[in-house]
Structure formats: C-alpha cells, structure tokens
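# Overview (structure and organization)
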Number of protein chains: 4
Amino acid sequence: MVNDSDKGTGRAARSKRTDARRNEQTLLDAAAAVFVASGVEAPVRDIAARAGVGMGTIYRHFPTRADLIIAVYRHQVEACAEAGPALLASSGTPHAALGQWINLFVDFLVTKHGLAAVLQSDNAGFDTLHAYFLDRLVPVCTQLLDAAAASGEIRSDLEAYELMRGVGNLCIGAESDPRYDARRLVELLIAGLRRPN
Amino acid sequence: MVNDSDKGTGRAARSKRTDARRNEQTLLDAAAAVFVASGVEAPVRDIAARAGVGMGTIYRHFPTRADLIIAVYRHQVEACAEAGPALLASSGTPHAALGQWINLFVDFLVTKHGLAAVLQSDNAGFDTLHAYFLDRLVPVCTQLLDAAAASGEIRSDLEAYELMRGVGNLCIGAESDPRYDARRLVELLIAGLRRPN
Amino acid sequence: MVNDSDKGTGRAARSKRTDARRNEQTLLDAAAAVFVASGVEAPVRDIAARAGVGMGTIYRHFPTRADLIIAVYRHQVEACAEAGPALLASSGTPHAALGQWINLFVDFLVTKHGLAAVLQSDNAGFDTLHAYFLDRLVPVCTQLLDAAAASGEIRSDLEAYELMRGVGNLCIGAESDPRYDARRLVELLIAGLRRPN
Amino acid sequence: MVNDSDKGTGRAARSKRTDARRNEQTLLDAAAAVFVASGVEAPVRDIAARAGVGMGTIYRHFPTRADLIIAVYRHQVEACAEAGPALLASSGTPHAALGQWINLFVDFLVTKHGLAAVLQSDNAGFDTLHAYFLDRLVPVCTQLLDAAAASGEIRSDLEAYELMRGVGNLCIGAESDPRYDARRLVELLIAGLRRPN
DNA sequence: GATGAATGAGTTTTCATTCAT
DNA sequence: TATGAATGAAAACTCATTCAT
C-alpha cells in the first residue's frame with residue numbers, strides 16, 4: 001500500500017492483476033502441498049480442492065501438469081542452475097564442485113515426492129517438464145563435468161545427460177524408504193567417476 | 001508326497017492336476033510374452049487373451065499381479081541367486097565377483113520391460129513381489145558384499161538392500177532411451193564402492 | 001426351451017451366451033429408445049442407465065458410438081438395401097423404382113432422431129458409420145440410378161453418393177418440425193432428375 | 001467524428017458512442033474471420049482473442065451467439081432480401097427469377113462455414129437467428145414462389161418456408177466434401193418444382 | 001463499460017475386480 | 001474349475017456464462 005495513487009482504469013487493471021497473482025500463488029502453494037502429500041501425479045481435482053478453486057482455474061493458469069510442476073519448482077531449479085558456476089569458482093577442485101552440485105540436485109529431487117519418478121517417465125504429457133529440466137541443468141552439469149575431466153580428476157566418457165538421468169533414477173522412491181539413502185548411492189556414483197590414478 | 005497314487009477318482013484327480021499345471025505354464029508363457037511387449041503392468045485382459053483363457057483363470061492361479069510376476073520370473077531370480085556363491089568361488093576377487101553378479105542382476109532387470117520401475121513402486125499391491133525379491137537376493141548380495149569388505153577391497157558401510165535398490169533404480173527406463181546406458185552407471189556405482197587405496 | 005438337453009460345461013457355455021445375447025438385445029432396445037428421445041448423440045451414460053447396466057457394458061458390446069448406431073439400425077439398413085433390386089424388378093419404370101426406394105430410405109432416416117444429421121457430420125468418430133452406410137447403400141442406389149439413366153428417363157450426370165447425401169441432408173431435422181416435410185422435398189428432387197422430354 | 005479531441009461531458013458522450021461503434025465493428029470483423037476459420041460455433045474466447053477484447057465485451061454487445069451471427073451476416077441477408085423483387089422485375093420468367101434468387105441464397109449459405117447446419121439445429125439458443133432469417137427472407141421467397149405459381153410455371157403447393165429449409169439443408173456440409181455439390185442438388189430441387197406441362 | 005478470472009457441469013474412456021452361470 | 005460379462009470408480013479436459021474489479 002505504499003503507493004495506491006492510481007485512478008480510472010488503472011486501478012482496475014492493477015487490482016485485477018494483483019488478484020490473479022495472489023490467486024496463482026495460492027495455486028502454487030496448494031499444488032506444492034498436494035505434491036508433498038500425494039506426489040506430483042495427484043489428480044487435478046485434489047489440487048483444485050486444496051486451493052479452494054475450480055478445476056478450470058488450474059487449467060487456466062497451467063494448461064498442463066508439467067507447467068504446474070515447473071512453476072512449483074522453478075525457483076529451486078534456478079537456484080540449482082546458478083549454483084554450478086559458483087561452486088566451480090569456490091570449491092577446491094572441479095570434482096569436489098561436481099560432487100557438491102550433484103548434492104544440491106539430490107536435495108531437490110529427494111524432497112519432492114514422486115518428482116524423480118516422473119522425470120524418467122516417457123509419458124508424453126511430461127515432455128515440457130523434461131525439456132525444461134534438461135535445457136536448464138544439463139549445460140550446467142556439462143560445464144562441471146568438463147572442468148573435472150580437463151583437470152584429469154575423472155574419466156571423460158560420460159555425458160551430463162546420462163549422469164543426471166542416473167542421479168535422477170537413484171532418487172526415485174527415496175523419501176518413503178528409511179533403509180534407502182539416495183545421497184549415499186549418488187556419492188558412490190560420483191566417486192566411481194574418479195580416474196583410477 | 002512323492003507318491004499320491006490314488007485310485008478310482010484318483011486318476012481323474014491326477015489328470016486334473018496335470019491339466020492344471022499345463023494350464024499354468026500356458027499362462028506363464030503368455031504373461032511373459034505380454035510383459036515383454038507391453039510391460040509388467042499390462043492389462044490382465046490382454047494376458048488372458050494371449051493365453052486363450054478367461055480372466056478369472058488368471059485370478060484363480062495368481063490372485064495378484066505380483067504373484068504372476070513372481071511366477072514368471074522365478075526361474076531367472078533363482079538362477080541369479082544361485083550364481084552368487086558360484087561366482088565368489090570362481091572369480092579372482094570378491095569385488096570382481098560382486099561386479100559380475102550385479103551384472104547378472106542388471107541383465108535380468110534391463111530385459112524385463114518395466115520390471116525395474118515396479119520394483120521401486122510403493123504400490124501396496126506389489127508388496128509380495130518386493131518381499132520375494134528381497135528375501136531371495138539380498139542374502140546373496142550380502143554375502144558378496146561381506147566377502148569384498150572382508151578382503152579390504154571395498155568399504156563396508158553399505159547394506160545389500162540399499163545397493164540392490166540403487167541398481168534397480170538405475171535400470172529404470174533403460175530399454176527405451178538410447179542415450180542412457182544403465183550398465184555403465186551401475187559399473188560406476190560398483191567402482192565407487194572400492195576402498196580408496 | 002424346446003431343447004435344454006445340455007449338461008456339463010455345455011450348459012454353462014450355452015447359458016452364458018444366451019444371457020449375453022439377451023443383454024445385448026436389452027442394450028439395443030435401450031439405445032433405440034434413448035435415440036428416439038434424445039437423438040443418436042445422447043450421452044453413453046443415459047443409454048446405460050436406461051438399459052440398467054454400467055457404462056462399461058456398453059463399451060464392451062459397442063466400442064464406439066458408431067458401432068452402437070449400426071447395430072441398432074442394421075436390420076432396417078439391410079431391408080433397405082435388399083429392397084433395391086426387388087423394386088427394380090417389380091416397379092413399372094426404373095425411375096419409379098428409384099422414387100420408391102428413396103422413399104424407403106427417407107422413411108428410415110426421418111424416423112431416427114438425429115441420424116440424418118450425424119450422417120453428414122465430419123466427426124471422425126462416425127467414420128465407421130459413414131462407411132457402413134455408403135458401402136451398403138451406395139451400390140444399390142447406383143444400380144437404380146444407372147437403370148433409370150439407361151432407360152432415358154433421367155439425366156445421367158449424378159452420382160449415387162451425391163444423391164444420397166442430398167436426400168440425407170433433406171431429412172435433417174424433419175421429425176421436429178411440422179411445417180417441414182422432408183418427403184415432399186425429396187420427391188421434388190427426384191422429379192428434378194427427370195430428363196426434360 | 002472528424003474531431004474527437006473532446007473535453008466536457010457532451011463531446012465525451014458522442015465520442016463514446018463513436019468508440020463503441022468502432023469497437024462493435026472490430027468485433028464483427030473478428031467474428032467473421034473466426035467463423036470462416038472455425039465455423040459459427042467457434043468458442044467465444046477465440047473470437048474475443050481475435051478482436052483483442054475481453055469475452056465480457058462480446059456478451060455485452062451480443063448477448064447470445066445468435067445475435068452475433070445475425071450482426072455478422074446482416075448485410076448479406078439484407079442484400080439477398082432486396083434482390084428478390086429486383087430479380088422478379090428483371091428476369092425473363094418468375095421461375096428463372098426464383099432460380100437466380102435461390103442461387104444467391106445458396107452462395108450465402110455455402111460460403112459461411114457451418115451456418116447452414118446451425119440454421120436447422122433445434123438448439124433453443126438459435127431461436128433468434130431462426131426467427132430473423134425467416135422473418136426477413138420467407139416473405140421474399142413467398143413472393144417469388146407466388147409469382148411463378150401464378151404464371152403457371154410451377155406447382156403451387158409448396159410453402160416458401162419449406163423450400164428454404166430444404167435449400168438450407170442441402171447446403172449443410174458442402175464446403176468440406178468435394179464429392180458433394182450443393183448447388184447442383186438445389187438446381188434439381190428447383191427443376192422439380194416445375195409443373196409437368 | 002470493459003475485462004478476463006473463475007466456475008463446474010458434462011462427457012469420454014479405461015481397467016481391476018467380482019461373481020453368476 | 002473356468003469363463004467372461006458386468007460393474008463403476010477415476011481421471012482428464014473443455015467452454016459457456018457470470019461477476020468482481
């Protein structure tokens with residue numbers, strides 16, 4: 001309310017947009033909550049109910065389920081993407097940076113119920129989601145991998161795509177099983193990359 | 001029960017039992033074929049159709065889908081289980097034996113369309129399946145792991161259950177993606193186990 | 001019940017088939033009734049409710065709406081198809097035969113609420129229906145048209161397909177409008193075919 | 001409206017009316033374009049988007065879809081209505097005039113994607129549309145029909161309403177089927193009207 | 001007046017599972 | 001025992017229409 005010096009149509013326009021934005025945030029919150037409770041494949045109707053809106057509203061804001069998931073997790077994906085170069089600059093060695101970065105990625109996947117599973121599903125409806133993840137994170141991972149390979153620390157015959165897919169798979173089902181610690185296994189995987197001196 | 005040479009109705013009974021067994025084998029063959037074609041979550045109706053029987057017959061022999069999957073793959077699971085001690089005896093080192101055994105396990109999972117995915121699903125209907133796999137294979141894997149740990153080749157802080165679950169996860173979706181080679185990643189994982197000399 | 005001398009599995013099999021057939025007839029009757037009341041595009045659920053069965057049952061018997069419509073009207077289509085040659089043999093002139101046959105076709109279309117409309121819809125779901133009608137009736141109509149053309153009674157530049165489509169169109173909406181008599185207009189159309197002596 | 005640099009309310013009112021008219025024309029153009037592309041049953045949202053206005057604006061100007069269709073095609077309907085007497089005056093015979101007029105009507109219907117179909121729909125929402133067409137064109141057609149009947153050229157037992165409805169029906173689906181030429185069939189219909197000398 | 005967000009009924013379709021014959 | 005017909009819950013998705021801003 002610092003500035004509400006608008007009048008005429010301006011107010012209407014601004015206020016409409018404000019409301020819609022608020023509503024969208026409500027939707028994202030509700031979706032996030034439902035995703036935690038029932039996984040990212042929860043029925044649209046459940047999310048709508050949780051948000052207290054009609055189903056059509058969900059479809060208006062997020063035409064596909066992938067769009068919704070992306071919106072819900074965008075911040076975290078961005079943070080992960082931006083952390084790549086930063087770690088490379090600050091960590092001791094490229095391999096260490098890679099390990100830390102993968103750790104962030106695991107953090108992300110493991111805490112999102114069912115997201116890892118959906119990342120490997122070949123369901124056509126998730127194409128957008130797949131594309132978003134790959135577009136955003138594969139280049140970052142490639143950079144880290146290249147640096148570590150260039151420094152001679154690791155083998156150079158693994159694509160970022162394959163590594164990320166593997167890490168993603170290792171994270172499937174991790175939340176629900178106390179006897180399974182995805183992070184540990186991912187560490188082994190990264191350790192296994194190291195060039196046998 | 002070596003001898004159940006019954007007479008009178010007995011002959012009928014024996015023959016009926018024979019028939020039932022024949023029928024069951026038909027079912028298993030059909031299910032295996034459909035699993036290859038459409039994955040282990042194929043509609044029951046398809047399997048029944050392939051076998052030329054009614055759906056009720058499937059349910060009679062295999063009350064749950066898990067029972068059917070177990071029956072279909074039992075032979076291969078048994079073979080895998082039995083290979084453990086054999087490899088330990090014949091391979092150069094325990095770690096090599098472990099690697100070869102895991103390889104067999106990967107062979108198995110990767111060729112069964114969708115089986116790996118179902119192994120990690122937390123769908124209650126698959127409990128029996130999970131239990132069967134774990135009961136049968138975890139002890140074998142434990143033995144290999146213990147031997148390798150005892151020889152000092154690998155770290156000793158990983159449970160067989162966790163390793164197998166990780167390997168299973170790495171195999172998810174491997175058949176359908178040419179850019180993803182599950183076996184490679186599993187090798188990295190096993191390599192990562194090695195104790196840093 | 002003239003003959004129920006079946007025993008053993010025979011009875012079960014026969015009785016099952018009998019029941020299914022009875023049920024299918026129930027379905028057809030219900031569908032016919034609903035078609036009359038609400039047109040051939042009535043919701044599947046309505047038909048199921050009318051028949052007192054689940055929706056799945058409709059889908060089992062008739063995978064697409066077109067299949068159901070075909071089944072409901074098959075008898076009448078067949079009768080119409082068979083009447084063609086008969087009329088040609090018994091009527092005074094080929095043109096007269098054509099007129100009478102078209103009349104039968106109109107009888108059929110006009111009494112089926114909404115069927116005519118669906119026959120011209122380009123909805124892909126009705127492809128089977130279109131194909132059935134065309135396959136069955138166009139040849140008959142062609143025969144009548146050819147005979148009348150050969151006798152010099154009518155112009156010879158009109159395809160059976162086009163004529164039938166036109167007749168079909170003229171029948172659209174005829175049931176519900178007392179001021180519109182499709183039959184009269186069809187007569188004009190047929191009269192218009194006559195070669196100007 | 002040369003000058004709309006208004007201030008003071010009076011001028012504002014005039015200008016508002018001008019704006020509204022301009023807006024309405026934009027709407028009509030957009031609707032016409034969308035009707036051509038997707039038929040007259042296109043979603044309201046599409047039309048609004050095309051016009052660059054909100055959906056509410058469409059509803060304000062044209063409370064029902066029929067109102068919109070009428071507005072879009074009013075000019076052409078008027079032209080058609082006015083052509084009737086003109087043709088009667090200029091053509092050789094009343095029957096020729098009738099044929100030419102019907103031709104104009106067909107021109108109109110055939111080029112409007114889906115309009116013919118909507119003209120026969122018994123959907124209550126189109127009542128206004130039906131009424132408008134009938135009110136405007138039936139009298140014209142009646143005049144032509146009466147003249148031709150009076151001259152002895154044609155039978156006198158057909159109502160204009162019924163004829164126009166028939167012509168409308170014949171035009172259904174004509175744009176999308178190369179094997180179906182509505183104009184030809186309409187010609188047959190008109191030819192069929194001729195009194196058998 | 002204009003906007004466009006929200007609503008939610010309505011329809012289709014699929015399959016696991018049961019159970020009468 | 002075997003059969004397969006019947007069931008009906010579930011879920012996605014679309015759009016006409018309303019109404020707060």
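Quick notes on the rules
- Residues numbered from 1 in each chain as written.
- Chains lettered and ligands numbered in written order.
- Predicted model: local features only at pLDDT ≥ 70, side-chain atom pairs only at ≥ 80, totals over all residues.
- Heavy atoms only, no water.
- Contact = heavy atoms within 4.5 Å.
- Buried area = accessible area lost by both parts, 1.4 Å probe.
- Salt bridge = Lys/Arg side-chain N within 4 Å of Asp/Glu carboxyl O.
- Polar contact = N/O pair within 3.5 Å; in protein donor to acceptor, adjacent residues only side chain to side chain.
- Helix = DSSP H or I, 4+ residues; strand = E, 2+ residues; numbered from the N terminus.
- Least-squares fit on C-alpha atoms with pLDDT ≥ 70 in both.
- Buried < 20%, exposed > 50% of the residue type's maximum accessible area, 1.4 Å probe, protein only.

## Some thoughts on the interface of chain A and chain B
- The interface is formed by 25 residues belonging to chain A together with 27 residues belonging to chain B.
- The contact between chain A and chain B buries some 2,600 Å² in all, and 54% of this surface belongs to carbon and sulfur atoms.
- If you sort the residues of chain A by the area they bury against chain B, Glu162(A), Arg184(A) and Leu188(A) come out on top, with a joint share of 24%.
- There are 4 salt bridges connecting chain A and chain B.
- For Glu162(B), the salt bridge is made with Arg184(A), and the minimal N-O distance between the two is 3.2 Å.
- Between the two partners, chain A and chain B, sit 16 residue pairs in polar contact (both at pLDDT 80 or more).
- For the side of chain A that touches chain B, the secondary structure elements donating two or more residues are helix H8 (160-170) and helix H9 (182-193) of chain A.
- Considering every element that reaches the side of chain A that touches chain B, the biggest residue donor is H9(A), with 7 residues.

## Overview of the relation of the copies chain C and chain D
- Of the transformation superimposing chain C on chain D, the axial component is 0.0 Å and the angular component is 177 degrees, with the fit at an RMSD of 0.4 Å. Overall, the copies show the geometry of a two-fold rotation axis. In terms of proximity to the rotation axis, the leading residue of chain C is Gly192(C), whose C-alpha is 1.7 Å off the axis.
- Residue by residue, 100% of the interface of chain C is reproduced at the interface of chain D, so both copies engage with the same surface.

## Quick notes on the interface of chain C and chain D
- Listed by partner, the interface residues are 25 residues for chain C and 27 residues for chain D.
- Roughly 2,500 Å² of surface becomes buried between chain C and chain D when both sides are summed, with 54% attributable to carbon and sulfur atoms.
- By the criterion of area lost to chain D, the three top residues of chain C are Glu162(C), Arg184(C) and Leu188(C), representing 24% of everything that side buries.
- Here chain C is connected to chain D by 4 salt bridges.
- In this structure, the connection of chain C to chain D is made through 17 residue pairs in polar contact (both at pLDDT 80 or more).
- With 7 residues, the single largest contributor to the side of chain C that touches chain D is helix H9 (residues 182-193) of chain C.

## Some details on the relation of the copies chain A and chain B
- If you rotate chain A by 177 degrees and push it 0.0 Å along the axis, it lands on chain B with an RMSD of 0.4 Å.
- An overlap of 100% is found between the interface residues of chain A and their copies at the interface of chain B, pointing to a shared contact surface.

## Section: the pattern of salt bridges
Residue and element names in this part refer to chain C.
- Across all of its chains, the model carries 20 salt bridges over all chains by this definition.
- A salt bridge links arginine 183 to aspartate 107, with the nearest nitrogen and oxygen atoms 2.6 Å apart. Separated by 76 residues along the polypeptide, arginine 183 in helix H9 and aspartate 107 in helix H5 (residues 94-111) bring together distant segments of the chain.
- For arginine 183, a relative accessible area of 27% translates into the label partly exposed.
- Among the residues examined, aspartate 107 registers a relative accessible area of 33% and is labelled partly exposed.

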